[in-house]
Amino acid sequence: MAELARITVEPREPLAAEVSRRLIDYLMSGEVQPGDRIPSERQLTEMLGVNRPTVREAIKSLGFLGLLEIRQSSGTYFRGTDSDLLYRLFELGLIMGEQGARDMVQARAELEVIVAGLAARSRDEAGVELLRARLTAMRECPDEEFPEADTAFHAALGELAGNTVLRDMLKGMRAMVQRGWVERTGTVRSRKVAYDDHVPIYEAVAEGDAEAARAAMARHMEGASRRLMQALEQREA
């Protein structure tokens, strides 16, 4: 059975949340299979070096999310994961620490560039019309609807790219960055800057120029990622 490292430093978040994160890392390590029983509360208390009520709270939280099944008089069992469960975990920030947030921003930026290039290569007339409509919505929608219109533009690129794996990965990443982090840090940006960034992306995709589409998306993601990193640094200060 895999061992869990003791929590030896004062966490910067509630202790139960830190225990939850450690348990999730343990469950996702590949050493625990769906249906396996995990260590008891007493064993987890000893492994992690925290008190039993904290361990109990963390287990209940993961049970509520559907990651663990608590059986009376039998123990606690790993139920396995599915994409919906992982999506909820990411949204709640349970497996996104500070370094994870940075890695997420970088990964998202790289994948958005790839998707833009694929979309330019495989676009068709209907896809270009959809992308034009999404760009128009970004320009004309009320301010409070702009974030959704922005996301919808990127989602349309994912559809045009024709790769369901990349499409679904980016869908989750965008939600994590937007709801799981941006709203908590209060990161803001100019609507005009955001819209203007998307125009050359649309034009390159419409023309079928994959290189130009990748370059335009790279410029857009460079600015967006920089703003997110600055927000994280301000939060850490």
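Residues numbered from 1 in each chain as written. Predicted model: local features only at pLDDT ≥ 70, side-chain atom pairs only at ≥ 80, totals over all residues. Heavy atoms only, no water.

*Asks:* So what exactly am I meant to see when it comes to the overall build of the protein chain here?
*Replies:* Tallying secondary structure elements over the protein chain gives 10 helices and 2 strands in all. Going from the N terminus to the C terminus, the protein chain shows its helices and strands as α-α-α-β-β-α-α-α-α-α-α-α. Within the span of the protein chain, comprising 237 residues, buried residues form 42% of the whole. Sequence separation of 24 or more characterises 71% of the internal contacts of the protein chain that already satisfy a separation of 6 or more. Counting only carbon and sulfur atoms, one obtains 49% of the accessible surface of the protein chain, whose full area is about 12800 Å². (Helix = DSSP H or I, 4+ residues; strand = E, 2+ residues; numbered from the N terminus. Buried < 20%, exposed > 50% of the residue type's maximum accessible area, 1.4 Å probe, protein only. Contact = heavy atoms within 4.5 Å. Areas by Shrake-Rupley, 256 points an atom, 1.4 Å probe, with all protein chains shown as cover.)

*Asks:* Would you take a moment to explain a negative patch on the surface for this structure?
*Replies:* Among the surface-exposed residues, Glu 203, Glu 207, Asp 209 and Glu 211 lie close enough to one another that they form a single negatively charged patch. Within the secondary structure, Asp 209 sits in the loop between helix 9 (191–207) and helix 10 (210–236). Note on Asp 209: relative accessible area 34%, which makes it partly exposed. (Patch = residues over 30% accessible without salt bridge, like charges linked within 9 Å, V, L, I, M, F, W, Y side chains within 5 Å. Salt bridge = Lys/Arg side-chain N within 4 Å of Asp/Glu carboxyl O. Lys, Arg positive; Asp, Glu negative; His and termini not counted. Charge placed at Lys NZ, Arg CZ, Asp CG, Glu CD.)

*Asks:* In this structure, what is going on with helix 1 (residues 15–27)? I would like to understand it.
*Replies:* A turn of α-helix holds 3.6 residues, and therefore any two residues three or four places apart point the same way. Taking 1.5 Å as the rise per residue, helix 1 with 13 residues should run 18 Å; its terminal C-alpha atoms sit 18 Å apart, in good agreement. For helix 1, the full list of buried residues reads Ala 16, Glu 18, Val 19, Ser 20, Arg 21, Leu 23, Ile 24, Tyr 26 and Leu 27. (Expected span 1.5 Å × (residues − 1).)

*Asks:* Whenever I open this one, the environment of Glu 57 confuses me. Can you help?
*Replies:* Mapped onto the fold, Glu 57 is located in helix 3 (residues 52–65). We classify Glu 57 as partly exposed; its relative accessible area is 46%. On a C-alpha basis, the gap between Glu 57 and Ala 17 in space is 9.0 Å, while along the polypeptide they are 40 residues apart.

*Asks:* Would you mind going over the pairing of strand 2 (residues 75–78) with me for this structure?
*Replies:* Each regular strand shows side chains that alternate between the opposite faces of the sheet. Note that strand 1 (residues 68–71) and strand 2 share 4 bridges and pair antiparallel. Residue Arg 71 lies in a different strand from strand 2, and its bridge partner there is Gly 75. Count of turn residues in the strand 1/strand 2 antiparallel hairpin: 3 residues, of which Ser 73 carries a positive phi of about 65°. (Pairing = 2+ DSSP bridges.)

*Asks:* Sorry, what's going on with the packing of helix 7 (residues 146–161) against helix 9 here?
*Replies:* The relative placement of two packed helices is expressed as an angle between their axes plus a distance between the axes. Interaxial distance between helix 7 and helix 9 falls to 12 Å at its minimum, and their mutual angle equals 15°. Between helix 7 and helix 9, the interaxial angle falls into the category roughly parallel. Judged by the sense of rotation from one axis to the other, the crossing of helix 7 with helix 9 is left-handed. Residues Phe 146, Asp 150, Phe 153, His 154, Leu 157 and Leu 160 of helix 7 form the contact with helix 9, whose participating residues are Arg 191, Ala 194, Tyr 195, His 198, Ile 201, Tyr 202 and Val 205. (Axes fitted to C-alpha atoms, helices over the stretch in contact; angles between N-to-C directions. Parallel < 35°, antiparallel > 145°, perpendicular 65-115°, else oblique. Left-handed = near helix turned anticlockwise from the far one by under 90°.)

*Asks:* What is the right way to look at the packing of aromatic side chains in this model?
*Replies:* Centre-to-centre distance and the angle between the planes together describe a pair of aromatic rings. The full count for this structure, using the stated rule, is 0 aromatic pairs. The ring of Tyr 77 is capped by Arg 71, whose NZ or CZ atom sits 3.8 Å from the centre of that ring. (Phe/Tyr/Trp six-rings, centres within 6.5 Å; stacked < 30°, edge-to-face > 60°. Lys NZ or Arg CZ within 6 Å of the ring centre and 35° of its normal.)

*Asks:* Honestly, the environment of Arg 219 in this entry has me stumped. Any pointers?
*Replies:* Here Arg 219 shows up in helix 10. Note: C-alpha distance between Arg 219 and Ile 201 (18 residues apart in sequence) is 9.7 Å.

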